[in-house]
There are 2 protein chains.
Amino acid sequence: MILAKAKGAGGLSMTAGLILIGLGPSGISNMTRAAISAATQADIRLYEAYTALWSESALAQLETEIGEITKVMRPEVEEPSQMLSLAKEKSVALLVVGDPLQATTHVDLQLQAQEAGIDCEIIHGISITGLVTGAVGLSNYKFGRQTTLTYPYGGWIATSPLEVIALNRIQGLHTLCLLDLDPTGAGTGNQKPMQPEDAQTAIMAMAKKLEDSIDEDINDSNLQRLKFEASQKIIAELNDLDVVICTDMGGKNQSISYLPLKDLHICETGGLHCLVIPAKLSEVEQKALIRWTKQ
Amino acid sequence: MILAKAKGAGGLSMTAGLILIGLGPSGISNMTRAAISAATQADIRLYEAYTALWSESALAQLETEIGEITKVMRPEVEEPSQMLSLAKEKSVALLVVGDPLQATTHVDLQLQAQEAGIDCEIIHGISITGLVTGAVGLSNYKFGRQTTLTYPYGGWIATSPLEVIALNRIQGLHTLCLLDLDPTGAGTGNQKPMQPEDAQTAIMAMAKKLEDSIDEDINDSNLQRLKFEASQKIIAELNDLDVVICTDMGGKNQSISYLPLKDLHICETGGLHCLVIPAKLSEVEQKALIRWTKQ
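Residues numbered from 1 in each chain as written. Chains lettered and ligands numbered in written order. Predicted model: local features only at pLDDT ≥ 70, side-chain atom pairs only at ≥ 80, totals over all residues. Heavy atoms only, no water.

(A) A look at the overall build of chain A. Along its length, chain A carries 10 helices and 10 strands. For chain A, the C-alpha radius of gyration of 21 Å lies close to 19 Å, the compact-globule estimate for 295 residues. The principal-axis extent of the C-alpha atoms belonging to chain A is close to 70 × 45 × 35 Å. A burial count over chain A gives 55% of its 295 residues as buried. Taking the contacts inside chain A whose residues are at least 6 apart along the sequence as the reference set, 75% of them involve residues at least 24 apart. Split by element, the accessible area of chain A, about 12700 Å² in all, is 51% carbon and sulfur. (Helix = DSSP H or I, 4+ residues; strand = E, 2+ residues; numbered from the N terminus. Rg over C-alpha atoms; globule rule 2.2 N^0.38 Å. Buried < 20%, exposed > 50% of the residue type's maximum accessible area, 1.4 Å probe, protein only. Contact = heavy atoms within 4.5 Å. Areas by Shrake-Rupley, 256 points an atom, 1.4 Å probe, with all protein chains shown as cover.)

In structure tokens:
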């Protein structure tokens, strides 16, 4: 006879199925009570180790508290037949840094589980995207579309992140840029979070390529014309652009610096970073950002 | 002799000062370990009851676990001299639903505390803005600027939320609309979360006013011309616009519906809502949203 597990406060209500659990940033103190409880009760705990990371010591502490954890990479998540087979017999927790549905790949996993008739529970976590905007002191209502700066996979430079920043700025909107942590783009291992210097190099390379490739002739709509104007403007402003670099947000060693883009290469390395590109600042926002200026 | 309190795992490290604590949505199971620990250890617990709300029963449970809580409204937060005086002698926790720095008013409070030489700690929480995008199944990278639909204070209809939606949509970006919960705009009490029907009425009233007021002559920039085009387009599309209404997100009774804007008035009332206005959908997004269609 299989006994259903007791349903704790926000705890696990399934004997078999998939539970996508958000870990939040940096360590167990940022996990919710529901997340800790569900992860502890699950039969199997997998840790998704390619879209974002905790430090090895934070993971070790987590393992001590909630039980053994197995790392999985992109192939196991995007071709999840093995994970889903397991979830037909047992309760399988997939632990995801941040919120478990921020990346499209996890929404897709949720849909595949549901199509296979497998129970799929979601336990949300603190996402960096909801944390950084306020932590640096900028108004959440003035952020436009977010973007990710990626490594130049096989030498290919995508200019779209800089175009997103440009189009936001011309509308008076700030941009949150997440930084890639996968030098190969394959998601199979050796994750290496992009450093501030890499971000500077990436943006400068994008600007160079954008400058060479923007075409005044493609202006058959108001949106195209605005994009063209925005791209020209950001290229002209790049040398004087001040940015906010955020490191290990939500953790004890969180640090924030407000400095010129062209000085990013002198920032300390290590840890997980993201970048905020401010647009025009209000008075409160100015006071908030000035806190992060190196004296 | 004053003994410093022990510093727990993510717990309180101050004997006096202000701690802004994010409660996350709906109930204690969504609070982080750090938040529960800090709130329990604080000398005084204030609950900010005008930017977002938990249910009375969730608050009662919280009070049972962490100790007595006093409600504060907008005047006490925006004119915080009393709160800051208290924080010079004792550890004062201000409990904020969601993340404690999402609203500019709390960033301002943090700055005022720092100017007054008062320690100010931040403990982040799950914000609705980081939760809803993935929970409905839309790509986080395709959201533009967010907005809030407000009650028509004293009969005044602001068209800016609809203009934000319009400008996002013409760029292919989804919009998260939070819904007001303060019929008077004063933040002094009798908070009443806007219902789906109110949101429909508000958007329709905005469209009417926008239609009467948009002026083709104000087109002296690419951005102005795009805004004009976007406003015309949204007014024309409003009758066929499908939206996602999200109710009590993050709680046990969370519900999501994908339906025409013009049918919002038949939705169930009660609870705290927000609205997502999708732009063009990808294939995965379409599959994700179709889950929320009433059969």
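(B) Summary view of helix 2 (residues 56-66) of chain B. Residue and element names in this part refer to chain B. Residues of helix 2 that are buried include every one of Ala58, Leu59, Leu62 and Ile66, and no others. The arc that holds the buried residues of helix 2, viewed along the axis, is 95°, so those residues lie on one side. With respect to the buried face of helix 2, the exposed residues turned more than 90 degrees away are Glu56, Ser57 and Thr64. Along its buried surface, helix 2 packs onto strand 1 (17-24), helix 1 (33-41), strand 2 (44-48), strand 3 (70-72) and strand 4 (91-97). Looking at the residues trailing helix 2, positive phi occurs at Gly67, about 110°. (Arc of directions from axis to C-beta.)

(C) Fine view of unusual backbone geometry. At Ser26 of chain A, a residue that is not glycine, the phi angle is positive and equals roughly 70°. Structurally, Ser26 of chain A can be placed in the loop between strand 1 (17-24) and helix 1 (33-41). Note on Ser26 of chain A: relative accessible area 29%, which makes it partly exposed. Residue Asp248 of chain B is not a glycine yet carries a positive backbone phi of 50°. Mapping Asp248 of chain B onto the fold places it in the loop between strand 8 (242-247) and strand 9 (255-260). Judged by its relative accessible area of 29%, Asp248 of chain B is partly exposed.

(D) Looking closely at the relation of the copies chain A and chain B. Here chain A sits on chain B after a turn of 180° about the axis and a move of 0.0 Å along it, with an RMSD of 0.0 Å. The two molecules are tied by a two-fold rotation axis, judged by turn and shift. Within chain A, Thr32 of chain A has its C-alpha nearest the rotation axis, a separation of 1.9 Å. Both copies present the same face, since 100% of the interface residues in chain A are matched by interface residues at the equivalent positions in chain B. (Least-squares fit on C-alpha atoms with pLDDT ≥ 70 in both.)

(E) Main features of the sheet that holds strand 7 (residues 175-179) of chain B. Residue and element names in this part refer to chain B. In spatial order, the strands read 6-7-10-8-9; together these 5 strands make up an open sheet with mixed pairing. The sheet terminates laterally at strand 6 (147-149) and strand 9, the two strands that pair on one side only. Between one strand and the next, the sheet's axes are offset by a mean angle of 25°, whatever the strand orientation. Bridging between strand 7 and strand 10 (residues 273-277) involves 4 bridges; their strand directions are antiparallel. Bridge assignment links Thr175 to a residue of strand 10, and that residue is Ile277. (Pairing = 2+ DSSP bridges. Axes fitted to C-alpha atoms, helices over the stretch in contact; angles between N-to-C directions.)

(F) The arrangement of the environment of Thr104 of chain A in detail. Within the element layout of this structure, Thr104 of chain A appears in helix 5 (residues 104-115). When its relative accessible area of 36% is taken as the criterion, Thr104 of chain A is described as partly exposed. Ignoring anything within four residues of it in the chain, the contact list for Thr104 of chain A reads Ser139 and Val284 of chain B.

(G) Layout of the pattern of salt bridges. Within this structure, the stated rule accounts for 16 salt bridges over all chains. Its salt-bridge partner being Arg33 of chain A, residue Glu65 of chain B comes within 2.9 Å of it at the nearest N-O pair. One end of the pair, Glu65 of chain B, is in helix 2; the other, Arg33 of chain A, is in helix 1, on a second chain. With relative accessibility at 37%, the residue Glu65 of chain B sits in the partly exposed group. Taking the relative accessible area as the measure of exposure, Arg33 of chain A reaches 24% and is therefore partly exposed. Between Glu285 of chain A and Lys142 of chain A there is a salt bridge whose closest N-O contact spans 2.6 Å. A residue pair is termed long-range when its members are at least 10 positions apart, and Glu285 of chain A in helix 10 (residues 283-290) and Lys142 of chain A in the loop between helix 6 (128-136) and strand 6 (147-149) qualify at 143 residues. (Salt bridge = Lys/Arg side-chain N within 4 Å of Asp/Glu carboxyl O.)

(H) Quick look at the packing of helix 9 (residues 222-237) of chain A against helix 9 (residues 222-237) of chain B. Where helix 9 of chain A meets helix 9 of chain B, the closest approach of the two axes is 9 Å, and the angle between their N-to-C directions is 150°. Of the possible angle classes, the one that applies to helix 9 of chain A and helix 9 of chain B is roughly antiparallel. Note on packing geometry: the crossing formed by helix 9 of chain A with helix 9 of chain B is left-handed. Across from Asn222, Leu223, Arg225, Leu226 and Glu229 of chain A in helix 9 of chain A, the residues of helix 9 of chain B making contact are Asn222, Leu223, Arg225, Leu226 and Glu229 of chain B. Here the contact of helix 9 of chain A with helix 9 of chain B is composed, by residue class, of 4 nonpolar, 2 polar and 4 charged. (Parallel < 35°, antiparallel > 145°, perpendicular 65-115°, else oblique. Left-handed = near helix turned anticlockwise from the far one by under 90°. Nonpolar A, V, L, I, M, F, W, Y, C, P; charged D, E, K, R; others polar.)

(I) Spotlight on the packing of aromatic side chains. Evaluation of the coordinates by the stated rule reveals 0 aromatic pairs over all chains. Sitting over the ring of Trp156 of chain A, Lys209 of chain A keeps its end group 3.5 Å from the ring centre. (Phe/Tyr/Trp six-rings, centres within 6.5 Å; stacked < 30°, edge-to-face > 60°. Lys NZ or Arg CZ within 6 Å of the ring centre and 35° of its normal.)

(J) Region of the structure containing the domain arrangement of chain A. Residue and element names in this part refer to chain A. For chain A, the assigned domains are domain 1 (17-126) and domain 2 (129-290). Once you take the C-alpha centre of each, domain 1 and domain 2 turn out to be 29 Å apart. Contact residues are listed per partner, giving 13 residues for domain 1 and 15 residues for domain 2. Taking both partners together, domain 1 and domain 2 bury about 860 Å²; carbon and sulfur atoms supply 61% of that area. (Domains from an automatic or database assignment. Buried area = accessible area lost by both parts, 1.4 Å probe.)

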